[in-house]
Amino acid sequence: MAVAFKVTGVEQGRWAVLRVSGELDLMTSPVLRQHVHDAVAEGHHSLVVDLSDVFFCDSSGVGVLIAARRLIRSCQGRLRLILPDRGAVDGSHVNRVLGALGVRRLFDVHPDLDSATTDEAGPLSA
């Protein structure tokens, strides 16, 4: 059974959190892009993108993540990704895709929401 793509936004302290679920691909990546732009337009420059429930990510999804990083950096903001080591229950491969493309190191990656929204927490990646 296919999981419908969904992006929901919440606030956790000073952080805007976008929880993404489903497949992040050519058809759905514009939705995430719009949510990122909306969050920045609302004044949120500390953004967490929770990819824990993303089961598939293609190059267009990676492109949106890189563009989000660029946008947030242009605002002197902070972008953090939540990518659990094991991925989502049904075998998310976002972590592997970012690693295989050599772009995972560009992101401040955390295993869960608590570490991503704690200013003292260090990233899992360089």
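Bear in mind that the values here come from a model prediction, so they are computed numbers and not experimental data.

(A) Region of interest: helix 1 (residues 29–41). For helix 1, spanning 13 residues, the distance from its first C-alpha to its last is 18 Å, which sits close to the expected 18 Å at 1.5 Å a residue. All buried positions along helix 1 are accounted for by Ser-29, Leu-32, Val-36, Ala-39 and Val-40. Looking down the long axis of helix 1, one finds its buried residues gathered within 100 degrees of arc, a one-sided arrangement. Looking at the buried side of helix 1, the elements it contacts are strand 1 (6–12), strand 2 (15–24), strand 3 (46–57) and helix 2 (59–74). With its phi angle positive at about 95 degrees, Gly-43 sits one or two positions after the end of helix 1.

(B) Spotlight on the nonpolar core. Leu-32, Leu-47, Val-49, Leu-51, Leu-65, Leu-81 and Leu-98 are the most contacted members of the largest nonpolar core, which totals 28 residues. Where this core is concerned, the elements lending two or more residues are strand 2, helix 1, strand 3, helix 2, strand 4 (78–82) and helix 3 (94–100). Here Leu-47 is in contact with Trp-15, Ala-16, Leu-18, Val-36, Ala-39, Ile-72, Arg-78, Leu-79 and Arg-80, once residues within four sequence places are set aside. Listed in part, the six residues of the second largest apolar core include Trp-15, Val-48, Ile-82 and Leu-113.

(C) Focus on the pattern of salt bridges. Across all of its chains, the model carries one salt bridge by this definition. Taking the shortest distance from any N to any O, the salt bridge between Asp-108 and Arg-80 comes out at 3.1 Å. Within this pair, whereas Asp-108 is found in strand 5 (residues 108–110), its partner Arg-80 is found in strand 4, the two being separated by 28 residues in sequence.

(D) Local environment of the confidence of the model for the protein chain. Summary statistics for the protein chain give a mean pLDDT of 87 and a share of 86% for residues scoring 70 or more. Per-element mean pLDDT across the protein chain ranges from 86 in helix 3 up to 97 in helix 1. Scored below 50 in pLDDT, residues 87–91 shows nine contacts in the model against residues more than four places distant or in partner chains. The low-confidence segment residues 121–126, where pLDDT is below 50, has 16 contacts with residues more than four positions distant or belonging to other chains.

(E) Here's a closer look at the side chain of Ser-60. Within the element layout of this structure, Ser-60 appears in helix 2. For Ser-60, a relative accessible area of 17% gives the class buried. In terms of polar contacts, Ser-60 uses its side chain to reach the side chain of Asp-58, at 2.5 Å. Dropping the residues within four chain positions of it, Ser-60 is found in contact with Asp-25, Leu-26 and Ser-29.

(F) Geometry of the sheet that holds strand 1. Within the open sheet, the five strands sit side by side as 1-2-3-4-5. Their pairing is mixed. Edge positions in the sheet fall to strand 1 and strand 5, since each of these pairs with one other strand and no more. Mean inter-strand twist for the sheet, computed between neighbouring axes without regard to direction, equals 25 degrees. Relative to strand 2, strand 1 runs antiparallel, the two being bridged by seven bridges. The residue of strand 2 that forms the bridge with Val-10 is Val-17. Contacting strand 1, strand 2 and strand 3, helix 1 runs over the sheet at an angle of about 175 degrees to strand 2. Against the sheet, helix 2 engages strand 2, strand 3 and strand 4, with an angle of about 150 degrees to strand 4.

Cut-offs and rules
Residues numbered from 1 in each chain as written. Predicted model: local features only at pLDDT ≥ 70, side-chain atom pairs only at ≥ 80, totals over all residues. Heavy atoms only, no water. Helix = DSSP H or I, 4+ residues; strand = E, 2+ residues; numbered from the N terminus. Expected span 1.5 Å × (residues − 1). Buried < 20%, exposed > 50% of the residue type's maximum accessible area, 1.4 Å probe, protein only. Arc of directions from axis to C-beta. Contact = heavy atoms within 4.5 Å. Core = buried A, V, L, I, M, F, W, Y, C linked by side-chain atoms within 4.5 Å. Salt bridge = Lys/Arg side-chain N within 4 Å of Asp/Glu carboxyl O. pLDDT = per-residue confidence, 0-100. Polar contact = N/O pair within 3.5 Å; in protein donor to acceptor, adjacent residues only side chain to side chain. Pairing = 2+ DSSP bridges. Axes fitted to C-alpha atoms, helices over the stretch in contact; angles between N-to-C directions.

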